[in-house]
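# Close look at the chain arrangement
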Amino acid sequence: MIEVICNDRLGKKVRVKCNPDDTIGVLKLLVAAQTGTKAEKIVLKKWYTIYKDHITLEDYEIHDGMSLEMWVNVPDAEMQRERGNLADARVAIGGDAGDTSCGGNQAARLARIIANMSSAQAPHARIRVGVLGATGMVGQRFIQLLAAHPQFELVAVGASERSAGKRYGDAATWRLDTPMPAAAAALPVRACDPAGWADAGVRVVFSALDAAAAGPAELAFARAGAAVFSNAKNYRMHPRVPLVVPLANADHLAAIALQRSAAVAPAVVADPAPIDLAADITLPPGAALVANANCSTTGLVVALRPLVDAFGPLSRVAVVTMQAVSGAGYPGVPSLDILGNVVPFISGEEEKLEEEAAKILGGVDVGVAAGSLFTPAPALRVSASCNRVAVIDGHTESVFVEFARRPPPSIDEIKHALGSYVSEAQRLGVHSAPAQAIVVTETKDRPQPRLDVNTGAGFSVVVGRVRPCNLFDVKFTLLSHNTVLGAAGSSIMNAEIALAKGLL
Ligand SMILES: NC(=O)C1=CN([C@@H]2O[C@H](COP(=O)(O)OP(=O)(O)OC[C@H]3O[C@@H](n4cnc5c(N)ncnc54)[C@H](OP(=O)(O)O)[C@@H]3O)[C@@H](O)[C@H]2O)C=CC1
Ligand SMILES: N[C@@H](CC(=O)OP(=O)(O)O)C(=O)O
């Protein structure tokens, strides 16, 4: 993936992430999605060359970081023809981007661009979204990340009865280092009951609810027709709920289509199962229930995904976490417990890491008649040991990996697989996807949360100290932002991907 900068004559810069094999026509659609200018009016030039829509960036030798001149003009006959080509591609995309003659990636990309265009070119057509649990640590991150989102417009916020009825600005104890967005501050806090949200026209609901409240509330919103993207643990292991880390297993979002169908019988869950895992997820058209992972699982699976893709199944993974205090919510861990200290226990955390990774790295089969849509990664055994440390944001993890294959890959091959990994979210070019999913550092004492937690605006995983292991095959240290990629950012990216795939 490369970044191209388009400069207009007024000094405005538009940075666009794209692929070298994209055509100029596709690049214009990406610019259009960001600026609201119609693609057919955009002219891209460099010196005396006017770039033609059907030629690819690599054929024009347009490379990473290159600046182009951007003009806005009336379409000429050639552009009209290219528009026709794009319209044909859109028809060919139909319901399944992968079946088109123009190639899965390119077709999916066009579908996504067209989806982006309709929302970004008409700002009033942004999808109206709400946030449940908006006053907490993850809720605040949602408010921050949604403030200038090109596809989603925040129109409703919900929290507990303690906050309901107040203005958001009065109810939330704002703890982020950017100002509270004024539009959010003015919103009334609602109770987390869909009946009271009918006037807001909300289609997508992001949930940062405490797990004690999330189960019934999220299901009620989904059954009322909303697409719910949840951070809570309640439905993560449900056999009909995709557990999606957008940089690792975006393909599992395909399960959304089956949630809307009564054709698949709900799976039978062995007793004694928590009630949420036995819930009937048969939803109306347009609705969905998607979970994202525990924040420590998230960083781990992003690093493991390219290793599985490149070298086949993993047999054993051991992980020791050093987790930030913001992971415990607000007000979280008492200062007298954590200052100058390490607490070697986080309730339920090790169990979540050990079971969630296998679901995420496993397969999805939307053709099964009954039972689970998900097959756990074969043979993968994970052992986790979790610690709370005196860090504000960013979970650090020491990871030890053994591959099923013998001999295992070399350390250089492993570093290359990590550093060159491109996730589906990046290939689709969704708004929140970082330029690099995994940043590999060779600096011997990195990653460190204070220095590296905001890499890729908090959406990248930083991996360092990749080295041989005497007991396993390789060991390394990773860092990921627990409330951005580990929570709100993943939910938002999941929704962006679902939108790009035509699932919303
Ligand atoms: N922090 C993190 O790094 C991560 C958190 N998560 C998960 O995300 C969710 C939110 O976590 P976090 O923001 O840290 O938690 P906080 O405790 O900071 O916030 C909890 C939110 O839930 C609301 N709430 C609590 N009880 C109720 C209720 N009975 N009815 C309605 N709303 C209620 C609170 O509202 P009020 O202010 O009115 O009390 C608040 O908005 C949790 O499920 C957590 O497990 C997942 C991954 C990472
Ligand atoms: N338990 C995590 C955050 C969290 O709430 O996770 P989960 O959503 O899996 O309960 C932490 O303390 O850092």
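In this report, we go over the structure that sits alongside the text. Keep in mind that what you see is a predicted model, and the values were worked out from it rather than measured. (Residues numbered from 1 in each chain as written. Chains lettered and ligands numbered in written order. Predicted model: local features only at pLDDT ≥ 70, side-chain atom pairs only at ≥ 80, totals over all residues. Heavy atoms only, no water.)

Further remarks concern the overall build of the protein. Helix and strand counts for the protein come out as 15 helices and 20 strands. Per-residue burial over the protein gives 53% buried out of 504 residues. Sequence-distant contacts, at least 24 apart, represent 74% of the contacts inside the protein between residues at least 6 apart. For the protein, the computed accessible surface area is about 21,300 Å², with 54% contributed by carbon and sulfur atoms. (Helix = DSSP H or I, 4+ residues; strand = E, 2+ residues; numbered from the N terminus. Buried < 20%, exposed > 50% of the residue type's maximum accessible area, 1.4 Å probe, protein only. Contact = heavy atoms within 4.5 Å. Areas by Shrake-Rupley, 256 points an atom, 1.4 Å probe, with all protein chains shown as cover.)

Moving on to the site of ligand 1. Neighbouring residues of ligand 1: 28 residues in total, closest T135, S160, R162, S163 and L209. A distance of 2.5 Å separates an oxygen atom of ligand 1 from a polar atom in the side chain of S163. A distance of 3.0 Å is found between an oxygen atom of ligand 1 and a backbone nitrogen or oxygen belonging to Y330. In isolation ligand 1 has 910 Å² of accessible area, and contact with the protein removes 79% of it. With respect to the detected pockets, ligand 1 is housed in the largest pocket. (Near = heavy atom within 4 Å. Polar contact = N/O pair within 3.5 Å; in protein donor to acceptor, adjacent residues only side chain to side chain. 1 Å grid on protein atoms, 1.4 Å probe; cavity = no way out; pocket = protein on both sides within 12 Å on 5 of 7 lines; lining within 4 Å. Sits in = over half its atoms within 2 Å of the grid points.)

The first and last C-alpha atoms of helix 15 (residues 484–500) sit only 21 Å apart over 17 residues, clearly below the 24 Å expected at 1.5 Å per residue. Its axis deflected by about 50 degrees at S490, helix 15 carries its strongest bend there. With 17 of 17 residues buried, helix 15 lies mostly within the body of the structure. Positive phi shows up at G502, right after helix 15, with a value of about 75 degrees. (Expected span 1.5 Å × (residues − 1). Bend = angle between axes of the 7 residues up to and from the residue.)

Moving on: the site of ligand 2. The environment of ligand 2 is made up of N231, R236, N294, C295, Q323, G327, I346, E349, K352, R388 and H395. In the model, an oxygen atom of ligand 2 is placed 2.6 Å from a nitrogen or oxygen of the R236 side chain. Judged by the fraction of its atoms near the pocket grid, ligand 2 is located in the largest pocket. Considered class by class, the residues forming the shell around ligand 2 number two nonpolar, five polar and four charged. (Nonpolar A, V, L, I, M, F, W, Y, C, P; charged D, E, K, R; others polar.)

This part is about the layout of surface pockets. Space inside the largest pocket adds up to approximately 1,200 Å³. In terms of lining, the largest pocket is formed by 43 residues, of which the most central are A208, L209, D210, A211 and G329. Put simply, the parts of the chain that give the lining of the largest pocket at least two residues each are helix 4 (137–146), helix 7 (211–223), helix 11 (349–360) and helix 15. Of the residues in the lining of the largest pocket, the class split is 18 nonpolar, 18 polar and seven charged. (Points joined across faces, edges and corners; volume = space filled by probe spheres on them.)

To continue, consider the packing of aromatic side chains. In the structure shown here, the tally under the stated rule is seven aromatic pairs. Ring centres of Y51 and Y60 lie 4.5 Å apart, and the angle between their planes is 70 degrees; on these two criteria the pair is classed as edge-to-face. Y51 gets classed as buried once you look at its relative accessible area, which sits at 7%. A ring pair is formed by W197 and F221, whose centres lie 5.0 Å apart and whose planes are at 80 degrees; its orientation type is edge-to-face. Here W197 is found in the loop between strand 8 (189–191) and strand 9 (204–207), whereas its partner F221 is found in helix 7, with 24 residues between them in sequence. Across the pair, exposure class does not vary: W197 and F221 are buried alike. Every member of this aromatic cluster is reached through a ring pair, and the members are F142, F152, F206 and F229. The ring of W197 is capped by R190, whose NZ or CZ atom sits 6.0 Å from the centre of that ring. The side chain of R316 reaches across the aromatic face of F472, ending 4.5 Å from its centre. (Phe/Tyr/Trp six-rings, centres within 6.5 Å; stacked < 30°, edge-to-face > 60°. Lys NZ or Arg CZ within 6 Å of the ring centre and 35° of its normal.)

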